[in-house]
Amino acid sequence: MFQRFRRTRLNSHLRSLVRETSVGVNDFIYPLFVRSGEGIKTEVASMPGVFQMSIDEVLKECGEIKKLGLYSIILFGIPDVKDSIGSDSLCEHGIIAKAIRAVKEAHPDMFVVTDLCFCEYTEHGHCGIIDEKHQTVNNDATLKISAQQAIVHAKAGADMIAPSGMMDGIITTLRDALDGAGYENLPIMSYSTKFASGYYGPFRDVAESTPSFGDRASYQMDPANRREAIAESISDELQGADILMVKPALAYLDIVREIKDNTSLPMAVYNVSGEYAMLKMAGKNGLIDYERVVMETMIAFKRAGADIIISYHAKEVAKMLQK
Ligand code: PBG
Ligand code: ZN
């Protein structure tokens, strides 16, 4: 007896029959940034292909991506006026509420996820209310107004709420608030394991949300901590989250896999702005085969255990998949 050491070389047909992982347009959520005004579509210098758009332009964009088979978006609001508590996000006439309503009216078949946070809406750029004395975010005061923001999103017609501020107890708080207001079936996708990361740089340009002092390390996670990363996500599962998330994606695929193996919930990854910018710039400069590297990256997310990919590449990927 001997063991055959040579593996049979499969032809391309058989390789595709046995491929373990696939990427489809249904895997994606496409981020859109909305601001007031009309006919506004301003490209972000650090993120070619990503725009700040007024609501009318967002509606056009939705029409376009639907033609590509892309029916899920996550909305970020950029308000005209920022203040200490992010009032614009707590008001039915604020930018995010108006945008949700407009999209759901013009495109009822679009699945609208909303990022729930305060950093885009506060003048200090932090993800919650600032405790003046300690110059840190006041977790529990932020929970209260987060519940208010969730109800604003829900009333406007959001299909899923995605809290991104990493406040402790946020999922219990939002679930109670939504249930209490009659939104028992509105799902919550938690940014459950979110690292304090340098990869968010370009996002803060587009969302105009760079903190005016300090950083987010007191509420976001230390990139060095694996066990804590798992615990944060599992805590959100126990609090009633419907979908867990790891953010950023590329540098944290080990964490994605480990959470996936420890939860029964679906998982999302957020392929963040800095990750997008790196590939864009390398592609633009002819250093890599851009489309190939993008697809390879998306496959890696799925292989690591992601069910959902939130990505600025979503529209391009949808186009690639149509070819
Ligand atoms: C808001 C939020 C951020 C991102 C998503 N939601 C910014 C941050 O935490 O600084 C980052 C997304 C990206 O970099 O693409 N809290
Ligand atoms: Zn934030």
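So, here is what we can say about the structure in this document. Everything numeric here is computed off the predicted structure, so don't read it as measured data.

1. Overview of the pairing of strand β1 (residues 28-35)
Buried residues dominate β1, accounting for eight of its eight residues. For β1 and strand β12 (residues 308-311), the ladder comprises two bridges, and the chain directions are parallel. In the sheet register, Phe28 faces β12, and the bridge partner there is Ile309. Sheet analysis places β1 next to strand β4 (residues 72-78), joined by six bridges and oriented parallel. From the neighbouring strand, Val34 faces β4, where its bridge partner is Gly77. Note: β1 against strand β3 (residues 47-54), three bridges, orientation parallel. Each residue of the ladder has a partner; that of Arg35, found in β3, is Ser54.

2. Observations concerning the packing of aromatic side chains
Counting across every chain of the model gives eight aromatic pairs. Note on Phe195 and Tyr252: the rings are 4.1 Å apart at their centroids and 15° apart in plane angle, and the pair reads as stacked. Residue Phe195 is found in the loop between β9 (193-194) and α6 (201-206), and its partner Tyr252 is found in the loop between β10 (244-247) and α8 (253-260); the two are separated by 57 residues along the sequence. No difference in accessibility class separates Phe195 from Tyr252, as the two residues are buried. Plain terms: the ring middles of Tyr276 and Tyr312 are 5.8 Å apart, the flat faces sit at 65° to each other, and that makes the pair edge-to-face. One end of the pair, Tyr276, is in helix α9 (residues 273-284); the other, Tyr312, is in the loop between β12 and α11 (314-322), with 36 residues separating them in the sequence. Classification of Tyr276 as buried rests on a relative accessible area of 1%. Following the ring pairs from residue to residue traces out a cluster consisting of Phe33, Phe76, Tyr191, Phe203, Tyr270, Tyr276 and Tyr312. The ring of Tyr200 has Lys194 lying over it, and the distance from NZ or CZ to the ring centre is 5.8 Å. Here the basic side chain of Lys247 rests over the ring of Tyr270, its NZ or CZ set 5.3 Å away from the ring centre.

3. Points about the coordination of the zinc ion (ligand 2)
Within the first shell, the zinc ion (ligand 2) binds the protein through Cys117 (SG), Cys119 (SG) and Cys127 (SG), at distances of 2.2 to 2.3 Å. Coordination geometry of the zinc ion (ligand 2): the four donor atoms subtend angles of 97 to 123° at the metal centre, consistent with an arrangement described as tetrahedral. Sequence positions of the donors to the zinc ion (ligand 2) reduce to the motif C-x1-C-x7-C. By relative accessible area, which is 1% here, Cys117 ends up buried.

4. Topic: the pattern of salt bridges
What the rule picks out here adds up to 15 salt bridges. Across the pair Arg175 and Asp242 runs a salt bridge whose closest N-O atoms are separated by 3.9 Å. In this pair, Arg175 is assigned in helix α5 (residues 170-180) and Asp242 in the loop between α7 (226-239) and β10, connecting sequence segments 67 residues apart. For Arg175, a relative accessible area of 13% gives the class buried. Overall, Asp242 belongs to the partly exposed group, its relative accessible area being 30%. The shortest N-O distance in the salt bridge between Arg257 and Asp261 comes to 3.0 Å. A single salt-bridge network, built from bridges that share partners, covers Lys41, Glu61, Glu64 and Lys315.

The rules behind these values
- Counting from 1, residues in each chain are numbered in the order their sequence is written.
- Each chain is given a letter, starting from A, and each ligand a number, starting from 1, according to the order in which they appear as written.
- Residue-level local features of this predicted model are given only where pLDDT is at least 70; pairs of side-chain atoms are given and counted only at 80 or more, and the full residue set underlies all totals for whole chains, interfaces and linings.
- Note: side-chain values were computed over all heavy atoms of the structure, leaving out hydrogens and water.
- Accessibility here uses a 1.4 Å probe with only protein chains present; expressed as a share of the type maximum, an area under 20% marks a residue as buried, one over 50% as exposed, and anything in between as partly exposed.
- Starting at the N terminus, helices and strands are each numbered in turn, a helix being any DSSP run of H or I of at least four residues and a strand any DSSP run of E of at least two.
- Strand pairing follows a simple DSSP-based rule, namely that at least 2 bridges must link the two strands.
- Stacked, tilted and edge-to-face are the three classes assigned to paired rings of Phe, Tyr and Trp, where Trp is represented by its six-membered ring and a pair needs centres within 6.5 Å; plane angles under 30 degrees give stacked, over 60 edge-to-face, the rest tilted.
- For a Lys NZ or an Arg CZ to count as sitting over a ring, it must be within 6 Å of the ring centre and within 35 degrees of the ring normal.
- Only nitrogen, oxygen and sulfur atoms qualify as donors, and only when within 2.8 Å of the metal (3.2 Å in the case of Na, K and Ca); with water excluded, sites may look incomplete.
- Irregular is the default label, applied whenever a site is not tetrahedral (four donors, all angles between 85 and 135 degrees) and neither square planar nor octahedral (four or six donors, opposite donors over 155 degrees apart, all other angles between 65 and 115).
- We define a salt bridge as a side-chain nitrogen of Lys or Arg found within 4 Å of a carboxyl oxygen belonging to Asp or Glu.

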